[in-house]
Amino acid sequence: MIVSFYDTKPYDQNAFREAAKDAESIEWRFHDFRLNAETAASAAGAQAVCVFVNDRVDAACIGVLAEHGVRLIALRCAGFNNVDLAAAKAHGIAVVRVPAYSPHAVAEHTVALLLTLNRQIHRAYNRVRDLNFSLHGLVGFDVFGKTVGIIGTGKIGQVTAEVFRGFGVRLLGYDPYPKPEWAATCGLNYVPPDELLAQSDIVSLHLPLTPQSKYLINEQTVARMKRGAFLINTSRGKLIDTTAVIDALKTGHLGGVALDVYEEEEGIFFEDHSGRPLQDDELSRLLTFPNVLITSHQAFLTHEALGQIAGTTLDNLQRLRNGKSWLEGTTV
C-alpha cells in the first residue's frame with residue numbers, strides 16, 4: 001500500500017515508522033511540501049494521502065487526487081476545516097481524522113504557557129543567561145484563587161479544567177453541548193459566554209473552528225472581558241480576531257496573551273524564518289509586546305501524542321487496505 005505523506009517533519013517520520021514497524025507492508029512517500037491543488041499530482045500511484053493542519057485540501061485539490069486514484073484522506077489531527085468534505089464525498093474519497101490524542105499534551109501546554117507568561121520565565125531565563133540577576137519587571141500573580149474560564153469542554157477542555165483545579169481556582173465553563181455530570185465532579189459551573197468573559201481572570205479556548213466559532217474573540221467580546229485578564233489559545237487560530245487583540249493589548253485591556261496558534265499561521269509556523277524578515281505585519285506586532293507569548297503550534301508535540309496519532313492513522317490505513325470499516329469516531 002502506498003501512502004503519500006505531506007508537510008513532513010522528522011518527528012512525523014519517526015513516529016509513523018515506529019508505529020508501522022510490525023504492520024503489513026506500507027510504502028511511505030514522505031514529502032516536506034504541503035498538499036494543495038498544485039502539488040496533488042505528486043500523489044499519483046498512492047491509495048491514500050496523509051495531511052496536517054496547513055495542507056489545503058480544497059475542491060480543486062480533491063479533484064486531482066481523485067484523478068490519480070486516491071481513496072482516502074487521512075488527517076493526522078482532530079480539526080478538518082481545511083478539507084472540502086462535500087467535494088471528497090462527491091468523488092467517493094473517505095476522510096478520516098484523529099479525534100483524540102493525548103488531551104493531556106495540549107492541556108499541559110496550555111497551563112505551561114500561562115505560567116511562563118505570568119511568571120516571566122522566558123524573560124528571566126534570557127536575563128540569567130546574560131548574567132543579569134535583576135528581578136525588575138518580573139512580578140506575576142498567584143493563580144490560586146483566580147477565576148478561570150474554559151470555553152469548550154470537550155476532552156482537551158476537560159483535562160485543562162482538571163489541571164487548573166489543582167491550583168485552587170474557581171472554574172467557569174461554556175460549551176454549546178455542556179456536560180453537567182463531569183462539571184459537577186470537577187467543580188466547574190457553566191455560565192453564558194458573556195458572564196464567563198466578564199468574571200474570568202484567565203480565559204482558555206478549547207473549541208473547534210466552525211462558522212459559529214470563527215472570531216469568537218473579537219472587538220465586542222474582548223471589551224466584555226475583565227480588564228487585565230489573560231487570554232490563552234491552544235485550539236485554532238481563527239477563534240481570535242488578531243486585530244482586536246492587538247488593540248486590547250495596546251490599551252492595556254488585556255493583561256497578557258499566550259498563543260500556540262495564529263489565524264494566518266500557514267506558511268509561517270513549522271518553518272525556520274530566522275534568516276529573513278517576517279512578512280506578516282500583525283504577527284510581527286504581536287511579537288513586540290512583552291506580555292505576549294507565542295509558540296508555533298507545538299501543544300500536541302509529545303512522544304505520547306505522536307504515538308497515538310500515528311497508531312490511529314495507521315489503523316485506518318490498514319482498514320482501507322483490508323476492506324474494513326473505519327475506526328469508530330474517526331470518520332468525518
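The rules behind the values
Residues numbered from 1 in each chain as written. Predicted model: local features only at pLDDT ≥ 70, side-chain atom pairs only at ≥ 80, totals over all residues. Heavy atoms only, no water. Helix = DSSP H or I, 4+ residues; strand = E, 2+ residues; numbered from the N terminus. Buried < 20%, exposed > 50% of the residue type's maximum accessible area, 1.4 Å probe, protein only. Polar contact = N/O pair within 3.5 Å; in protein donor to acceptor, adjacent residues only side chain to side chain. Contact = heavy atoms within 4.5 Å. Pairing = 2+ DSSP bridges. Axes fitted to C-alpha atoms, helices over the stretch in contact; angles between N-to-C directions. Parallel < 35°, antiparallel > 145°, perpendicular 65-115°, else oblique. Left-handed = near helix turned anticlockwise from the far one by under 90°. Salt bridge = Lys/Arg side-chain N within 4 Å of Asp/Glu carboxyl O. 1 Å grid on protein atoms, 1.4 Å probe; cavity = no way out; pocket = protein on both sides within 12 Å on 5 of 7 lines; lining within 4 Å. Points joined across faces, edges and corners; volume = space filled by probe spheres on them. Nonpolar A, V, L, I, M, F, W, Y, C, P; charged D, E, K, R; others polar. Disulfide = S-S within 2.5 Å.

A. Region of interest: the side chain of serine 200. For serine 200, the location among the structural elements is in the loop between helix 8 (193-199) and strand 9 (202-205). The class for serine 200 is buried, based on a relative accessible area of 0%. Among the polar contacts listed, one links the side chain of serine 200 to the backbone oxygen of leucine 196, at a separation of 2.7 Å. For serine 200, the residues in contact, after removing those within four places along its chain, are Thr147, Val148, Gly149, Leu172, Lys226 and Ala229.

B. Examining the sheet that holds strand 3 (residues 48-51) more closely. What the 5 strands build is an open sheet, ordered 2-1-3-4-5; its pairing is parallel. Each of the sheet's edge strands pairs with one partner strand only, and the pair in question is strand 2 (27-30) and strand 5 (94-96). With strand direction ignored, the average angle separating the axes of adjacent strands in the sheet is 20°. Pairing analysis gives 3 bridges linking strand 1 (residues 2-5) to strand 3, with the strands arranged parallel. Residue valine 3 lies in a different strand from strand 3, and its bridge partner there is alanine 48. Strand contacts of helix 12 (residues 303-322): strand 1, strand 2, strand 3, strand 4 (72-75) and strand 5, with the helix running at about 170° to strand 4, the strand carrying the most contacts.

C. Structural detail: unusual backbone geometry. Phi is positive for leucine 131, which is not a glycine, with a value near 65°. Tracing the backbone shows leucine 131 in the loop between helix 5 (121-129) and strand 6 (147-151). The exposure class of leucine 131 is exposed, given its relative accessible area of 66%. Phi angles above zero are rare outside glycine, and phenylalanine 270 is one such case at about 75°. Checked against the element boundaries, phenylalanine 270 lands in the loop between strand 11 (254-259) and helix 11 (281-286). Judged by its relative accessible area of 14%, phenylalanine 270 is buried.

D. Representation of the packing of helix 1 (residues 10-19) against helix 12. Taken N-terminus to C-terminus, the directions of helix 1 and helix 12 make an angle of 55°; their axes are 9 Å apart at the nearest point. Taken as axis vectors, helix 1 and helix 12 run oblique relative to one another. Helix 12 is crossed by helix 1, and the crossing has right-handed handedness. Residue-level contacts link Tyr11, Ala15, Phe16 and Ala19 of helix 1 to Leu306, Ile309, Ala310, Gly311, Thr313 and Leu314 of helix 12.

E. Focus on the pattern of salt bridges. In total, this model carries 11 salt bridges according to the counting rule given. The partner of arginine 76 in a salt bridge is aspartate 12, and the shortest N-O contact between them spans 3.7 Å. Of the two residues, arginine 76 is situated in the loop between strand 4 and helix 3 (85-90) and aspartate 12 in helix 1; the sequence distance between them amounts to 64 residues. With respect to burial, arginine 76 and aspartate 12 carry one shared label: buried. Of the charged contacts, one joins arginine 56 and glutamate 266 as a salt bridge, the two residues approaching to 3.1 Å between their closest N and O atoms.

F. Structural context of the layout of surface pockets. One number sums up the size of the largest pocket: a volume of about 1,200 Å³. At 3 residues, helix 6 (residues 155-165) tops the list of elements feeding residues into the lining of the largest pocket. Grouping the amino acids of the lining of the largest pocket by side-chain chemistry returns 25 nonpolar, 14 polar and 6 charged. Counted as a void, the second largest pocket has a volume near 430 Å³. Along its surface, the second largest pocket is lined by 19 residues, and Val53, Asn54, Asn81, Lys238 and Glu266 are the ones closest to its centre.

G. Expanded view of the sheet that holds strand 10 (residues 229-233). Pairing is parallel in the open sheet, where 7 strands are placed in the order 8-7-6-9-10-11-12. Edge positions in the sheet fall to strand 8 (188-190) and strand 12 (292-294), since each has one partner strand and no second. Each strand axis lies, on average, 20° off the axis of its neighbour in the sheet, ignoring direction. As paired elements, strand 6 and strand 9 share 4 bridges and run parallel to each other. Within strand 9, the position partnered with isoleucine 150 by the bridge is serine 204. Relative to the sheet, helix 4 (residues 103-118) contacts strand 9, strand 10, strand 11 and strand 12, its axis offset from that of strand 10 by approximately 140°. Across the sheet, helix 10 (residues 242-251) lies against strand 10, strand 11 and strand 12, angled at about 140° from strand 11, the strand it touches most.

H. Layout of the state of the cysteines. Counted by the stated rule, this structure contains 0 disulfides. Here cysteine 50 is not disulfide-linked; the sulfur of cysteine 77 is the nearest cysteine sulfur, at 8.7 Å. Residue classification places cysteine 50 among the buried residues on the basis of a relative accessible area of 0%. For the unlinked cysteine cysteine 61, the closest cysteine sulfur is that of cysteine 50, found at 13 Å.

From the geometry alone we can't say anything about function, so treat these as descriptive.
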